[in-house]
Amino acid sequence: MSPLQTLRAVVTLILAPFLTFFVSLFALVDMLWLRRSEWKAQQFPRWWGKTICRLANVRVRIEGLDKIDPKQIYIFAGNHASQFDIFAFQGYFPYDFRWIAKKELFNLPVFGQAMQQVGYIPIDRSHGRQAMKSLDEAAAKIAAGKSVLIFPEGTRSDDGRLKEFKAGAILLAIKAGVPIVPMSFNGSYQVLPKGKVLANGGEIVLRLGAPIATQGFKAKDKQQLALDLHQAVADLLDTPHLPEPEEREGQAKI
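This one's a predicted model, so the numbers in the text were calculated from it and none came from an experiment.

Trainee: How do you make sense of the pattern of salt bridges when you look at a structure like this?
Mentor: Oppositely charged side chains may form a pair once their charged atoms are brought near each other. This structure, assessed with the given rule, holds ten salt bridges. Residues arginine 98 and aspartate 96 are paired through a salt bridge, measuring 2.5 Å at the closest nitrogen-oxygen approach. Put simply, lysine 163 and aspartate 159 hold a salt bridge, and the shortest N to O gap is 3.3 Å. Looking at lysine 163, the relative accessible area reads 32%, which means it is partly exposed. Under the relative-accessibility criterion, aspartate 159 is labelled partly exposed at 36%. A network of salt bridges, in which partner residues are shared, links Arg61, Glu63, Glu203, Arg207 and Asp238.

The following block contains the structure:
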């Protein structure tokens, strides 16, 4: 990493928490006392994502927008290779969408309140009745008109390889009954691998595939849909990083 990039990475690391706080505060004020529009309030997180990318010298390019209808509700499902997946999608994806986030984040001061006000969707990632209830509630919000992005792997990849997809995320899509759009984040692992704190800079390419219909699928079909979606995402990666055959047999676990 060059000295200039190191400086940019350090500045990004220092400023990111402050940017997150102030963007959350502005969005909260906008929602509670000014325009009170979820759609208009999205300008704040969009600016946040784009600003962090620019500070870190990360360029973002999107391919495949011609495959989707901007008026259609979708669940976008992609690989999760880096924290910059979030910054890139938030800052540069041109269509209206919301995030699904674990419910604990909604308890954070200012940040959690802002997430709730702008329409982000909480999910209970534990097991049992409460988790299924939150899944049903999230599916209802999506079906009512909120596109979302999910990471079916459940967490960031340790090595950049595409991991197995959790069936819980797929069940959400089946319950919502909206098409799933496979997508890939290419180059984000090279920008900031898991465990690192200083971004390398570079280019991230978000590549969209053809939507996959979920109507007609039942809960019992979640494993097959998970496998189909996994393959669709792998096909969009510059380097597929498919797991070995013995690993694929275990895919689509809860």
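This is not the end of the story, as more comes after the structure.
Trainee: How should helix 9 (residues 222–236) be read in this particular structure?
Mentor: One turn of the α-helix equals 3.6 residues, which is why residues spaced by three or four share an orientation. Look at helix 9: 21 Å from first C-alpha to last across 15 residues, which is about the 21 Å you get at 1.5 Å a residue. Buried within helix 9 we find Leu225, Ala226, Leu229, His230, Ala232, Val233, Ala234 and Leu236. Structurally, helix 9 contributes buried residues whose contacts are with strand 2 (75–78), helix 7 (167–176), strand 6 (180–186) and strand 7 (202–208).

Trainee: Before we go on, may I ask you to explain the packing of aromatic side chains in this structure?
Mentor: One pair of aromatic rings is described through two measures. These are the centre distance and the angle between the planes. Under the criterion given, the structure shown has 16 aromatic pairs. Residues phenylalanine 84 and phenylalanine 87 carry aromatic rings whose centres are separated by 4.9 Å and whose planes lie at 85° to one another, so their mutual orientation is edge-to-face. Taken together, the residues phenylalanine 84 and phenylalanine 87, both in helix 4 (residues 84–92) and three residues apart, mark about one turn of the helix. With respect to burial, phenylalanine 84 and phenylalanine 87 carry one shared label: buried. Pairing phenylalanine 89 with tryptophan 99 gives two aromatic rings, centres 6.1 Å apart and planes at 70°, and the pair type is edge-to-face. A residue pair is termed long-range when its members are at least 10 positions apart, and phenylalanine 89 in helix 4 and tryptophan 99 in strand 3 (residues 98–102) qualify at ten residues. Each member of the pair, phenylalanine 89 as well as tryptophan 99, carries the same accessibility label: buried. What links up through ring pairs into an aromatic cluster is the set Tyr74, Phe76, Phe89, Phe93, Tyr95, Phe97, Trp99, Phe151 and Phe185.

Trainee: Explain the sheet that holds strand 2 here, please?
Mentor: Strand pairs in the sheet, formed through backbone hydrogen bonds, run parallel or antiparallel to each other. Overall, mixed pairing links the seven strands, which are arranged 1-7-6-2-5-3-4 in an open sheet. Here the strands that pair on one side only, and so sit at the sheet edges, are strand 1 (58–63) and strand 4 (121–123). Sheet twist, expressed as the average angle between the axes of neighbouring strands with direction ignored, equals 30°. By the bridge criterion, three bridges tie strand 2 to strand 5 (residues 148–150) in an arrangement that is parallel. Note that in strand 5 the partner of alanine 77 across the bridge is isoleucine 150. With respect to the sheet, helix 9 is in contact with strand 2, strand 6 and strand 7, its orientation differing from that of strand 6 by roughly 40°.

The rules behind these values
Residues numbered from 1 in each chain as written. Predicted model: local features only at pLDDT ≥ 70, side-chain atom pairs only at ≥ 80, totals over all residues. Heavy atoms only, no water. Salt bridge = Lys/Arg side-chain N within 4 Å of Asp/Glu carboxyl O. Buried < 20%, exposed > 50% of the residue type's maximum accessible area, 1.4 Å probe, protein only. Helix = DSSP H or I, 4+ residues; strand = E, 2+ residues; numbered from the N terminus. Expected span 1.5 Å × (residues − 1). Contact = heavy atoms within 4.5 Å. Phe/Tyr/Trp six-rings, centres within 6.5 Å; stacked < 30°, edge-to-face > 60°. Pairing = 2+ DSSP bridges. Axes fitted to C-alpha atoms, helices over the stretch in contact; angles between N-to-C directions.

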